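Close look at the chain arrangement
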Amino acid sequence: QKYEGNPTVLEARDLPSIAKYMKSDACKRVFIMNGAGISTSSGIPDFRSPDTGLYANLARLRLPYPEAVFEITFFRNNPKPFYMLAKELYPGNFRPTPAHSFLKVLDNHKLLTKCFTQNIDTLERRAGLSDDKIVEAHGSYASQRCIDCKRPYDAAKLKEKLFKEEVAHCENCKGLIKPDIVFFGESLPPLFHRSIPSLKSADLLIVMGTSLVVQPFASLVDLVPEDCPRLLINLEHVGDFGSRPNDVVHLGKCDDGVRELCRLLGWEEELEREWEKT
Ligand code: APR
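Quick notes on the rules
Residues numbered from 1 in each chain as written. Predicted model: local features only at pLDDT ≥ 70, side-chain atom pairs only at ≥ 80, totals over all residues. Heavy atoms only, no water. UniProt positions renumbered as here; feature names shortened; annotations may be inferred. Helix = DSSP H or I, 4+ residues; strand = E, 2+ residues; numbered from the N terminus. Buried < 20%, exposed > 50% of the residue type's maximum accessible area, 1.4 Å probe, protein only. Contact = heavy atoms within 4.5 Å. Polar contact = N/O pair within 3.5 Å; in protein donor to acceptor, adjacent residues only side chain to side chain. Arc of directions from axis to C-beta. Pairing = 2+ DSSP bridges. Near = heavy atom within 4 Å. Areas by Shrake-Rupley, 256 points an atom, 1.4 Å probe, with all protein chains shown as cover. Axes fitted to C-alpha atoms, helices over the stretch in contact; angles between N-to-C directions. Salt bridge = Lys/Arg side-chain N within 4 Å of Asp/Glu carboxyl O.

For the protein chain, the name recorded in an unreviewed UniProt entry is NAD-dependent protein deacetylase, with Heliocybe sulcata as its organism. One UniProt comment on the protein chain, placed under Catalytic activity (unreviewed entry), says "N(6)-acetyl-L-lysyl-[protein] + NAD(+) + H2O = 2''-O-acetyl-ADP-D-ribose + nicotinamide + L-lysyl-[protein]". Quoted verbatim from the Subcellular location (unreviewed entry) field of the UniProt record, the comment on the protein chain reads "Mitochondrion".

Here it is in structure tokens:
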């Protein structure tokens, strides 16, 4: 019994008990799972929220169904919708949120082991997290290549094409160029699969701003030890949260949830200081 004699874990039922546990020496390795919901307050829409979500607004692109924008077969026939979306989401125009800065504060306290993110906005990096702490499970704009011959393509050239709303073609085989963002049906980056085993050593899992509907990312929640507390901070109840004795569900905005948690931890000033730097 890993936590014998440590009542905090067995009482994990609300933010105060999570904060108490985080301050105990039983909590050393915190893992994070992020989704689009932690970036909405920076102005980047999420995908599935009704009305405001990207999928509700892509209809104007005459897609057969919203997810087509991230499908290779559709992209081959009509790269325009993805190129338009890629321009809108291109990193650089958005500021990290307090929820991103909370990850930096967690790292400052030597508690952050790994942050798994589904987001391609690179805001975890812009909040100050070092590369070795981040796993961008759905890829990012960091690199781009031809979807046919896989030859890498120049980043600046692609950015120029995106902003001129032109399509980029491979200089080698004329194939379409796509950033290394993971499309439906494509395999996730090797780093994602290499990082999964470390979840077995988690002392705490915090899941923020995700609908937990996309696999294999969503299945990470099952990989932490049975008695490892799992904290969900989200507008709505998602996944199988509540099925384990140490699950804590905190419904509400990510920024509000992390501010409340930091207040309980005595990290409020540090959080605001880190966020001021972004
Ligand atoms: N605070 C808390 N929760 C929020 C906030 C907020 N400010 N804004 C949105 N949410 C919640 C929504 O209620 C929803 O449960 O975040 C979740 C966002 O879910 P999705 O829009 O499905 O985004 P995500 O889970 O990241 O999607 C996963 O789907 O389309 C693919 O590859 C894409 O990475 C993406 C994946």
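Right, let's get into the UniProt feature "active site" (unreviewed entry) in the protein chain. The positions UniProt marks with the feature "active site" (unreviewed entry) are His138. You can see His138 is positioned in the loop between β3 (134-136) and β4 (139-146). Judged by relative accessible area, His138 falls into the buried class, the value being 13%. Leave out the neighbours within four places in its chain, and His138 touches Thr117, Gln118, Ile120, Asp180, Ile181, Val182, Leu188, Val214 and Phe217. Looking at His138, its side chain comes within polar contact range of the main-chain oxygen of Gln118, at 3.5 Å.

Here we come to helix α11 (residues 268-277). Since the α-helix packs 3.6 residues into each turn, any two residues three or four apart lie on the same face. Those residues of α11 lying buried are Glu270, Leu271, Glu274 and Trp275. Each buried residue of α11 sits inside an arc of 130 degrees when the element is viewed along its axis, so together they form one side. Of the exposed residues in α11, those oriented more than 90 degrees away from the buried face are Glu269, Arg273 and Glu276. Contact partners of the buried residues in α11: α6 (98-108) and α10 (254-265).

Most of strand β5 (residues 177-181) sits inside the fold, with 4 of its 5 residues counted as buried. With 4 bridges connecting them, β4 and β5 associate as antiparallel partners. If you follow Gly139 over to β5, its bridge partner there is Ile181.

Another point: the site of the ligand. Looking at the ligand, there are 22 residues lining it, with Arg48, Tyr55, Thr210, Ser211 and Glu236 nearest. Take Gly37: an N or O atom from its main chain is 3.5 Å from a nitrogen atom of the ligand. The side chain of Ser211 places a nitrogen or oxygen atom 2.7 Å from an oxygen atom of the ligand. When the free accessible area of the ligand is taken as 730 Å², the share hidden by the protein chains comes to 93%.

On to the environment of His250, then. Topologically, His250 is positioned in strand β8 (residues 247-251). Note on His250: relative accessible area 24%, which makes it partly exposed. Separated by 193 residues in the primary sequence, His250 and Asn57 place their C-alpha atoms 28 Å from one another. If near-sequence neighbours (up to four positions away) are discounted, His250 is found in contact with Leu15, Leu231, Leu232, Ile233, Asn234 and Gly257.

Here we take up the sheet that holds β8. On the basis of which strands lie adjacent, the open sheet formed by 6 strands has the order β3-β2-β1-β6-β7-β8 and parallel pairing. In this open sheet, the two strands that pair with only one neighbour each are β3 and β8. Recorded for the sheet is a direction-independent mean angle of 15 degrees between the axes of neighbouring strands. Relative to β8, strand β7 (residues 230-234) is paired through 5 bridges, and the arrangement is parallel. Note on β8: the bridge partner recorded for Arg230 is Asp247. Those strands touched by α10 are β6 (204-208), β7 and β8, and its axis lies near 135 degrees from that of β7.

All right, on to the UniProt feature "binding site: Zn(2+)" (unreviewed entry) in the protein chain then. In the UniProt entry, the feature "binding site: Zn(2+)" (unreviewed entry) is given for Cys146, Cys149, Cys170 and Cys173. The annotated residues occupy 28 residues of the chain but converge on a single region, no pair of C-alpha atoms lying more than 8.4 Å apart. Relative to the elements of secondary structure, Cys146 occurs in strand β4. Looking at Cys146, the relative accessible area reads 0%, which means it is buried. In this structure, Cys146 is in contact with Arg151, Cys170, Cys173, Gly175, Leu176 and Ile177, ignoring residues within four places of it in sequence. With respect to the helices and strands, Cys149 occurs in the loop between β4 and α8 (155-163). Ignoring anything within four residues of it in the chain, the contact list for Cys149 reads Cys170, Asn172 and Cys173.

By the secondary structure assignment, Pro179 is in strand β5. Residues Pro179 and Tyr153 lie 26 residues apart in sequence; the distance between their C-alpha atoms is 8.9 Å. With residues near it in sequence (within four places) discarded, Pro179 still touches Phe82, Ser140, Tyr141, Ser143, Gln144 and Leu158.

Next up on the list: the pattern of salt bridges. Throughout the structure, instances matching the rule amount to 16 salt bridges. Measuring nitrogen to oxygen at the nearest pair gives 2.9 Å for the salt bridge that ties Lys87 to Glu165. Residue Lys87 is located in helix α5 (residues 80-88), and its partner Glu165 is located in the loop between α8 and β5; the two are separated by 78 residues in the primary sequence. The residue Lys178 makes a salt bridge to Glu186 at a minimum N-O spacing of 3.3 Å.

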